[in-house]
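What follows is the residue order along each chain.
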Amino acid sequence: MPTTDPVIEARNLTKHYGPHAVVQDVSFRVAAGQTLVLLGPSGCGKTTLLRMLNRLVEPDIGVVLVNGHDVRDQPAEQLRRGMGYVIQQVGLLPHYTVAENVAVVPRLLGHAPAAIAARTTELLGRLHLPPERFAGRYPRQLSGGQQQRVGLARALAADPPIILLDEPFGALDPITRASIRREFRELPELRRKTMVMVTHDVTEAFELADQILLLDAGQVQQLGTPRELLLRPANDFVRRFFAAEQLGLQLRALRLADIMAELPQASDTIILTYSESDTQPLSLTATIQEALAQLGQAAVPSLGESAEARVWVRPTETAAPADFLPLTYATLMAAFGYAVRRLGIEQP
Amino acid sequence: MTILSELLTFWQAQADKIGQQTLQHIGLTAASLVAGVAVGVPLGLLLTRRPRLAPWVLGGAGVLQTIPSIALLGFLIPVLGIGPGPAILALFLYSLLPIVRNTLAGVRGVDAAVVDAARGLGLTDWQVLRRVELPLALPVLLAGIRTAAVINVGVATLAAYIAAGGLGEFIFGGIALNNPAMILAGAIPAAVLALLFDAALAGVQRLSGRRLAWAGRALLVGLPLLAGLYLLPRAASKLLAGFSPEFVGRSDGLPGLRRTYGLHPASVVLAPALVYEAARTGDVDLIDGYSTDGRIKAYDLRVLRDDRHAFPPYQAVPVVRRQTLDEHPELVPALARLAGQLSDSVMTELNYRVDLKHETPRAVALDFLRRRGLWHEPLPATGATIRLGSKIFGEQYILAELYAALIRGYTHLGVEAKTGLGGTSICADALRTGAIDLYPEYTGTGLLVVLQPSPAVLDSLGPDPAAVLGYVRREYRRRYQLEWLEPLGFNNTYALLMRRQQAERLGIRTVSELSAYLR
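As the structure is a computational prediction, the values presented were derived from the model and not from experiment.

Novice: I'm lost on the overall build of chain A in this one. Help?
Specialist: A tally of regular secondary structure across chain A gives 16 helices and twelve strands. Referenced to the eigenvectors of the C-alpha coordinate spread, the extents of chain A come out at roughly 70 × 50 × 35 Å. Each charge class in chain A can be summarised by its mean position, and for the 34 positive and 37 negative side chains these summaries are 6 Å apart.

Novice: It is not clear to me how the overall build of chain B should be interpreted in this structure. Could you clarify?
Specialist: Helix and strand content of chain B: 25 helices and ten strands. Taken along the three principal axes of its C-alpha coordinates, chain B extends 100 × 55 × 50 Å. Across the 519 residues of chain B, 52% fall into the buried class. Contacts in chain B between residues far apart in sequence, at least 24 positions, make up 79% of those at least 6 positions apart. Of the roughly 22,300 Å² that chain B leaves accessible, carbon and sulfur atoms contribute 59%. Here chain B contributes 49 positively and 40 negatively charged side chains, and the mean placements of these two sets differ by 8 Å.

Novice: Explanation requested: the domain arrangement of chain A in the structure shown.
Specialist: For interface size, the figure often reported is the accessible area lost on association. Residues and elements named next belong to chain A. Taken domain by domain, chain A holds domain 1 (6-253) and domain 2 (256-343). Computed from C-alpha coordinates alone, the two centres of domain 1 and domain 2 are separated by 36 Å. Taken together, the contact pairs seven residues of domain 1 with eight residues of domain 2. Of the roughly 660 Å² buried where domain 1 meets domain 2, counting both sides, 59% is carbon and sulfur surface. On the domain 1 side of the interface with domain 2, the three residues burying the most area are Arg227, Leu251 and Arg252, jointly 69% of the side's total. At the boundary of domain 1 with domain 2, the tally comes to one salt bridge. For Asp258, the salt bridge identified is with Arg227, shortest N-O distance 2.4 Å. Across the contact surface, domain 1 and domain 2 share three residue pairs in polar contact (both at pLDDT 80 or more). Looking at the side of domain 1 that touches domain 2, the elements with two or more residues in it are α11 (226-231) and α13 (246-253).

Novice: So what exactly am I meant to see when it comes to the confidence of the model for chain B here?
Specialist: Low-pLDDT portions of the prediction should not be read for the details of their coordinates. Residue and element names in this part refer to chain B. Mean pLDDT over chain B stands at 87; residues scoring 70 or higher make up 98%. Mean pLDDT across the elements of chain B bottoms out in helix α10 (residues 209-228) (77) and peaks in strand β5 (residues 316-321) (95). With a pTM of 0.73, the predicted complex shows an ipTM of 0.80.

Novice: For this particular structure, what's the right way to read the sheet that holds strand β5 (residues 69-70) of chain A?
Specialist: Across a sheet, paired strands are connected by hydrogen bonds in the backbone, their directions being either parallel or antiparallel. All names here are of chain A. Taken in spatial order, the four strands of this open sheet run β2-β1-β4-β5, and their pairing is antiparallel. What marks the edges here is a single partner per strand, and that holds for β2 (20-31) and β5. In the sheet, strand β1 (residues 6-17) pairs with strand β4 (residues 61-66) via five bridges, with the strands oriented antiparallel. Residue pairing in the sheet places Ala10 in a bridge with Val64 of β4. Against the sheet, helix α1 (residues 46-53) makes contact with β1, β2 and β4, and its axis sits at roughly 55 degrees relative to β2, the strand it touches most.

Novice: I would appreciate a short explanation of the pairing of strand β6 (residues 83-87) of chain A in the present structure.
Specialist: One face of the sheet, then the other: side chains in a regular strand alternate in exactly this way. All names here are of chain A. Taking burial as the measure, the five residues of β6 include five buried ones, the bulk of the element. Examined bridge by bridge, β6 and strand β7 (residues 162-166) share five bridges and lie parallel to one another. Within β7, the residue paired with Gly84 across the bridge is Ile163.

Novice: So what exactly am I meant to see when it comes to the sheet that holds strand β2 (residues 266-269) of chain B here?
Specialist: Residue and element names in this part refer to chain B. In space, the five strands of this open sheet follow the order β2-β1-β3-β10-β4, with mixed pairing throughout. In the strand order of this sheet, the two ends are held by β2 and β4 (301-304), each with one partner. In this sheet, neighbouring strand axes are inclined to one another by 35 degrees on average, regardless of whether the strands run parallel or antiparallel. Summarising the sheet, strand β1 (residues 240-243) and β2 pair through four bridges and their orientation is parallel. Each residue of the ladder has a partner; that of Leu240, found in β2, is Ala266. Contacting β1, β3 (286-290), β4 and β10 (494-499), helix α13 (residues 272-281) runs over the sheet at an angle of about 140 degrees to β3.

Novice: Is there a simple way to explain helix α18 (residues 361-371) of chain B in this structure?
Specialist: Working note: α-helix, 3.6 residues per turn, so residues spaced by three or four point in the same direction. All names here are of chain B. Val364, Ala365, Leu366, Phe368 and Leu369 are the residues of α18 that are buried. Buried residues belonging to α18 abut α17 (344-355) and α19 (394-410). At the C-terminal side of α18, Gly373 shows a positive phi close to 70 degrees.

Novice: Explanation requested: the UniProt feature "transmembrane region" (unreviewed entry) in chain B in the structure shown.
Specialist: All names here are of chain B. According to UniProt, the positions carrying the feature "transmembrane region" (unreviewed entry) are residues 25-46, 53-76, 82-100, 136-162, 182-202 and 214-232. The span residues 82-100 is 89% helical and 0% strand by assignment, and the distance between its end C-alpha atoms comes to 27 Å. Helix makes up 74% of residues 136-162 and strand makes up 0%, while its end C-alpha atoms are separated by 40 Å.

Novice: Teacher, can you tell me more about the nonpolar core here?
Specialist: Among soluble globular proteins, nonpolar side chains are generally buried collectively. Counting 44 residues, the largest nonpolar core has A:Leu39, A:Leu165, A:Phe184, A:Phe206, A:Ile212, A:Leu214 and A:Phe242 as its most contacted members. Sorting elements by how many residues they give to this core places helix α7 (residues 144-156) of chain A first, with five residues. When residues no more than four places from it in sequence are discounted, the contact partners of A:Ile212 are A:Leu36, A:Val37, A:Leu39, A:Ala205, A:Phe206, A:Gln222, A:Leu223, A:Gly224, A:Pro226 and A:Leu229. Counting residues in each nonpolar core, the second largest holds 42 residues, with B:Leu76, B:Ile82, B:Val284 and B:Leu301 among its members.

Novice: Teacher, can you tell me more about the interface of chain B and chain A here?
Specialist: Of the residues lining the interface, 18 residues belong to chain B; the matching set on chain A comes to 23 residues. Carbon and sulfur atoms make up 61% of the surface buried where chain B meets chain A, a total of about 1,700 Å² over both sides. The largest per-residue losses of area from chain B upon contact with chain A belong to B:Asp116, B:Leu121 and B:Arg210, which jointly make up 33% of the total buried on that side. Summed over the shared surface of chain B and chain A, the number is one salt bridge. In this structure, B:Asp116 and A:Arg51 form a salt bridge, with 2.7 Å as the shortest nitrogen-oxygen distance. Across the contact surface, chain B and chain A share six residue pairs in polar contact (both at pLDDT 80 or more). Broken down by secondary-structure element, the contributors of at least two residues to the side of chain B that touches chain A are α6 (112-121) and α7 (125-155) of chain B.

Rules used in this analysis
Numbering of residues starts from 1 in each chain and follows the order in which that chain's sequence is written. For naming, the first written chain is A and the first written ligand is 1, with later ones following in the order written. Reporting in this predicted model follows two pLDDT cut-offs: at least 70 for local features of residues, and 80 or more for side-chain atom pairs to be given and counted; totals over whole chains, interfaces and linings ignore these cut-offs and use all residues. Side-chain figures throughout are based on the complete set of non-hydrogen atoms in the structure, without hydrogens or water. Helix numbers and strand numbers start at the N terminus; a helix is a DSSP run of H or I with at least 4 residues, a strand a run of E with at least 2. Charged residues are defined here as Lys and Arg on the positive side and Asp and Glu on the negative side; His and the ends of the chain fall outside this count. By convention, the point assigned to a charge is CZ for Arg, NZ for Lys, CD for Glu and CG for Asp. Exposure is judged per residue with a 1.4 Å probe applied to protein chains only, and the accessible area is read against the type maximum: over 50% gives exposed, under 20% gives buried, and values in between give partly exposed. It only takes one pair of heavy atoms within 4.5 Å for two residues to be counted as in contact. Surface accessibility follows the Shrake-Rupley procedure with a 1.4 Å probe radius. Residue values consider only the protein chains on display as shielding. The domain boundaries here were taken from an automatic or database domain assignment. Here the quantity called buried area is the accessible surface, traced with a 1.4 Å probe, that two parts lose on coming together, added over both. Salt bridges, as used here, are contacts in which a Lys or Arg side-chain nitrogen is within 4 Å of a carboxyl oxygen on Asp or Glu. Counted as a polar contact is a pair of N or O atoms within 3.5 Å, where, for protein atoms, one must be capable of donating a hydrogen and the other of accepting one, and residues adjacent in sequence contribute only when both atoms are in side chains. One confidence number per residue, pLDDT, is output by the predictor and ranges from 0 to 100. Strands qualify as paired when DSSP identifies two bridges or more between them. Note on definitions: angles span 0 to 180 degrees between N-to-C directions of axes, and those axes are lines fitted to C-alpha atoms, for helices only across the stretch in contact. UniProt positions are given in the numbering used here, feature names are shortened, and annotations may be inferred rather than shown by experiment. The nonpolar core is taken to be a set of buried Ala, Val, Leu, Ile, Met, Phe, Trp, Tyr and Cys residues, with the residues joined through side-chain atoms within 4.5 Å.

In structure tokens form, the structure reads like this:
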């Protein structure tokens, strides 16, 4: 757990609709710059939980603190203007142009028109919506992916420190979804943001989360890092929830550091050394998935005794190129297999 | 083709009047729409925030909508009297349902995700309403206003019945006089107005985005201006007259007064049933009526003497089939017992008891006969049955009861009453074909409605009651083998009436004096 004060803290949140409890006694903390993913099956209460954070839903019991202050201490509108909000259906104002949609919150906050225009142009450019083409368009003239990009730009326009996202990629086709998610992850804007995101997509959760809160029937099943949920599931529900995508998740959750002990000693056979022409070395924090992805792109050497694709690992931060370790598909997957067994993860 | 040319002639002759009525009509419609929008839109928006009230409010507005417009006006008269007030209120009530319902439907139709996103971004409830819900609901809302506008242009024709003017004046005049050209003269501009309102609002509806918002604002400014049109043509005059549509159109009505006396009072048109009431309450000062109407006595009105005989005589006379008289000669003396017995004031008194005291015509008739010593126990009916007709108003019912009692008392004939026949031509046809044997008719009506002589003949007859009676008697006998017997004594003619108090204060007893006063 980070030691700094949490930016968002939920304490014992409970919400009933009629006799039915949709959220029961949920507590969590999100530190500055961290991403918390609310994960769970449909109807588990994750959206309700998210909407309590910006007071679109008021809890029956419990409090939400933002930067240590009860959210009820200020008008709901003011609170919301300090939090970006992105929803699955996007909800762009159909009678506003793209630029006007992006400018909604800065205008509410009374920013100068020139500053708003500059910010809008900057954001649209960064989200691959060239402003000269898109600024004057209306939402109905955009594709689903473009609309969601505008939705993101709108949430980011006033540069709020907190972003709430409710299945932001849920309505997109798989290809668009993957590409927008990648852009999203790489967006420098978001690096500094504290984010809470709702999803039911396990892969998405593992890709984006620092912490995952797994919910079922309004109750917390487990709160922890993706790796903790995968390697030390708190109960059967957690185990079953990840069972179907076990392998993919393991590839995302395990890092090179986890498998270093299982790698064959390179010096046993042929001594290979890293040269400048090779791909950038991977650090130990890279996931197995990322190592595989880089292997897939690596060129196969045409000469030499080992005609295999190869990437390099830097065993420590300060290691010299001479100490870099080579990885091939065979060595990587073998080590991954041993590591999984060692860590006691059950195979499906 | 003749109707078309009549119509064009009519329009040419009445161009000012049509123009004024059109402006009034637009004014009435616009004023009620302004009120409808001013109340309906906020009410609809309130319902979006208090959905539990929606079924009640919409149900209430729906019930209002189902009240027939003429009945709604009727309900409002006791509260608001006559004139533009109740007319605009009634139109306003009719416009409520479409406006409230469409406001609600429009706002409800706004994509929930858009509203959710807007709230999540930090728009206040008011901002969500003004910047998101209202603009997005505008096309549906405008459709409601458009519906209301078209309904109101139509219903506004009824305003003519309560002295609020508009294009209904000619329509009702035309209906009363069975004059299709006159009906069309009002109906065509009303239809064109409805189409124009519809097209204009449809055009506004088709606009999109910003232009739509501007058009909405323009409408908010423009409608009250249009409503202001209503105030323009109100003329100032010493006295305000309220006339029934038939009187305004009939040649022996207002046009006749104009010819004879040069009388041009500022006037409004209203339903015949409301004329007396309007005079009583002081909404108008001068009305048309019938000289034997019971309300003259009840409301303390004065009949202005027709000193230059603009109105032809309308003596009441029993009209009988020749064949019936030949077969049953004993009818003649029985019917003759009533001849000359009923003066204007006596008939007015009897009408008063029926129309205002709500006594039955039979009770009033029998009481009258007893007091005059004309009553006789019915004789056993051994002979044929005489079928008695009457038109559909109190005086005729009383006369029919009088004759029925006389026939039963002084002959052995049976009596079958066929009272309440719709109008003059129905009675006349029934008599000619033998569906009835006799009914009371008025000489002037027989002359103008049934015989319809040339103007030259009319001029030659002049205002002399005996000459008119002689002419209708001769012509009825020649054409239809029908007999006009002896007059009952009273003359139920058109009359100009004023409140007695006002007439006395102004020293007006005759139409000539009225004309002089107005000049």
